[in-house]
Amino acid sequence: MTNIDFTDGVSITLIESAGNNGMTTLEMLYHISGEFAIRWMTAVLTCTPFFILFGVNNLFVRQAMGIATAIWSFLHFIIFLVAEGFLETFAQVNYVAGFIAVLILIPLFFTSNRKSMKKLKMNWKKLQSLSYAAIFLSLLHVALLEKTWLIYAVIVGIGFLIRLPLVKDKIIKFRINRRRLNAL
């Protein structure tokens, strides 16, 4: 809940204890932004399995989703800092895991563009593979917080199974053969 005061210009303040389940407004904001961050991260990591399964790939969509992941993660961390303070970041293992995940996202965010791809060449893909560590740390972060993390872990886990060379090759071969049969 907010309070808007027009007596000395415009002043907007958040009213504490206005949230659900006894949470303050700031606590609700950082929980919501965290949910969006993990959802976007899960979605962006399903792009490759989606390509393997259906043969549809759009790098621009993947880049936009990765940027959205980073922005929601940064927003989540900034709101957490405002609500709890920087030192709280190191108070619990789950906070440290989330902090490291945010740190990993910084170079990924700044290199999610065509110019960086051309400049870094093969190293770009290696750098972007750090997203796997970020999702692992993010899942650890939410699992330790005892939030609804299981659905994200299942989706990411299935995505990683589909990426395994043995599974991936069989799926792609099946998809290509099916397309050939449909063309006849």
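Fair warning: this is a prediction, and the values are worked out from it, not measured in the lab.

Undergrad: Could you clarify how one ought to interpret the packing of helix H1 (residues 25–45) against helix H2 (residues 47–54) in this entry?
TA: Axes are the key here: two packed helices are described by the angle between their axes and the distance separating the axes. At a minimum axis distance of 4 Å, the contact between H1 and H2 shows a crossing angle of 35°. Only Cys47, Thr48 and Pro49 of H2 make contact with H1, whose side of the interface consists of Ala43, Val44 and Leu45. Residues belonging to the contact of H1 with H2 are distributed by class as follows: five nonpolar, one polar and no charged.

Undergrad: Before we go on, may I ask you to explain the environment of Leu75 in this structure?
TA: Positionally, Leu75 belongs in helix H3 (residues 59–84). Assessed through its relative accessible area of 37%, Leu75 is described here as partly exposed. As a C-alpha pair, Leu75 and Tyr30 span 45 residues in sequence and 7.9 Å in three-dimensional space.

Undergrad: Which parts of the structure should I look at to understand unusual backbone geometry?
TA: Keep in mind that most residues, glycine aside, have a negative phi and that most peptide bonds are trans. Backbone geometry at Lys121 places phi at a positive 50°, although glycine is not the residue there. By secondary structure assignment, the location of Lys121 is in the loop between helix H5 (114–120) and helix H6 (122–128).

Undergrad: Please explain the environment of Arg62 as it appears in this structure.
TA: For Arg62, the position within the fold is in helix H3. Note on Arg62: relative accessible area 24%, which makes it partly exposed. The residues touching Arg62, leaving out its near neighbours within four places in the chain, are Val44, Cys47, Thr48 and Asn57.

Undergrad: Teacher, can you tell me more about the pattern of salt bridges here?
TA: Pairing is possible between side chains of opposite charge, provided their charged atoms come close. Taken as a whole and assessed by the stated rule, the structure comprises one salt bridge. The closest approach of N and O atoms between Glu35 and Arg39, which form a salt bridge, is 3.4 Å. Placement of the pair is Glu35 and Arg39 together in helix H1, with a separation of four residues, close to one helical turn. When its relative accessible area of 44% is taken as the criterion, Arg39 is described as partly exposed.

Undergrad: How should the environment of Glu84 be read in this particular structure?
TA: Tracing the sequence through the fold places Glu84 in helix H3. According to the relative accessible area criterion, Glu84 is partly exposed, its value standing at 31%. Sequence-wise, Glu84 and Glu27 are 57 residues apart; in three dimensions their C-alpha atoms are separated by 8.9 Å. With residues up to four places along the chain from it excluded, the contact list for Glu84 reads Glu27 and Tyr30. A distance of 2.9 Å separates the side chain of Glu84 from the side chain of Tyr30, its partner in a polar contact.

Scoring rules and cut-offs
- Residues numbered from 1 in each chain as written.
- Predicted model: local features only at pLDDT ≥ 70, side-chain atom pairs only at ≥ 80, totals over all residues.
- Heavy atoms only, no water.
- Axes fitted to C-alpha atoms, helices over the stretch in contact; angles between N-to-C directions.
- Helix = DSSP H or I, 4+ residues; strand = E, 2+ residues; numbered from the N terminus.
- Contact = heavy atoms within 4.5 Å.
- Nonpolar A, V, L, I, M, F, W, Y, C, P; charged D, E, K, R; others polar.
- Buried < 20%, exposed > 50% of the residue type's maximum accessible area, 1.4 Å probe, protein only.
- Salt bridge = Lys/Arg side-chain N within 4 Å of Asp/Glu carboxyl O.
- Polar contact = N/O pair within 3.5 Å; in protein donor to acceptor, adjacent residues only side chain to side chain.

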